[in-house]
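Residues per chain are reported as follows:
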Amino acid sequence: MLFFLLLINAFFLLFIAQGKIPPNATLIFEIELYAVNKGPRSVEAFNQIDKDGDKKLSELEVIHYLKEEFARDGKKRHPSAHDEILADIFKKNDHDGDGFISAKEYNVYQHDEL
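Keep in mind the model is a prediction, meaning the values are calculated, not measured.

This part covers the packing of aromatic side chains. According to the stated counting rule, one finds one aromatic pair in the structure shown. When the ring centre of Phe-100 is taken as reference, the NZ or CZ atom of Lys-56 above it lies at 4.3 Å.

Take the packing of helix H3 (residues 59–73) against helix H4 (residues 79–93) next. Remark: H3 packs on H4, axes separated minimally by 10 Å, with the N-to-C direction vectors making an angle of 130°. As far as their axial angle goes, H4 and H3 are oblique. Of the two possible hands of crossing, H3 and H4 adopt the one that is right-handed. Facing H3, whose interface residues are Glu-59, Val-62, Ile-63, Leu-66, Lys-67 and Phe-70, H4 presents His-82, Ile-85, Leu-86, Ile-89 and Phe-90. Classifying every residue of the contact of H3 with H4 by side-chain character gives eight nonpolar, one polar and two charged.

Our next topic: the nonpolar core. General note: in soluble globular proteins, nonpolar side chains tend to be found buried as a group. Grouped together as the largest cluster of nonpolar side chains are 13 residues, with contacts concentrated most on Leu-57, Val-62 and Tyr-106. At the level of elements, helix H2 (43–49), H3, H4 and helix H5 (103–106) are the ones that each hand at least two residues to this core. Of the residues forming this core, the biggest block, four residues, is contributed by H3.

Here is what the cut-offs are and how they apply
Residues numbered from 1 in each chain as written. Predicted model: local features only at pLDDT ≥ 70, side-chain atom pairs only at ≥ 80, totals over all residues. Heavy atoms only, no water. Phe/Tyr/Trp six-rings, centres within 6.5 Å; stacked < 30°, edge-to-face > 60°. Lys NZ or Arg CZ within 6 Å of the ring centre and 35° of its normal. Axes fitted to C-alpha atoms, helices over the stretch in contact; angles between N-to-C directions. Helix = DSSP H or I, 4+ residues; strand = E, 2+ residues; numbered from the N terminus. Parallel < 35°, antiparallel > 145°, perpendicular 65-115°, else oblique. Left-handed = near helix turned anticlockwise from the far one by under 90°. Contact = heavy atoms within 4.5 Å. Nonpolar A, V, L, I, M, F, W, Y, C, P; charged D, E, K, R; others polar. Core = buried A, V, L, I, M, F, W, Y, C linked by side-chain atoms within 4.5 Å. Buried < 20%, exposed > 50% of the residue type's maximum accessible area, 1.4 Å probe, protein only.

Next up, the structure:
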């Protein structure tokens, strides 16, 4: 019996070494979770950026948040980089083009990562 199991394991390892996994193989993955953090698209993050509490993010609120984050990471950036990043954020997130990013546009309520 032990010889049979060793033979099967050697056969399986041969397939893996060739980059092939047998079609009826059962793969078992052991995953260790190190930490769970709220992502940048959380309700808390939205509320942190939304200084006036109107449930939408203005360009002024986003640029203020970006400046705080840039100061926190300590990397020097040219001021024009702020404008480029701001323009990109609004281009990708302001779907209705009203000049604000709503909670829905910010994707607070959709969690596609889960």
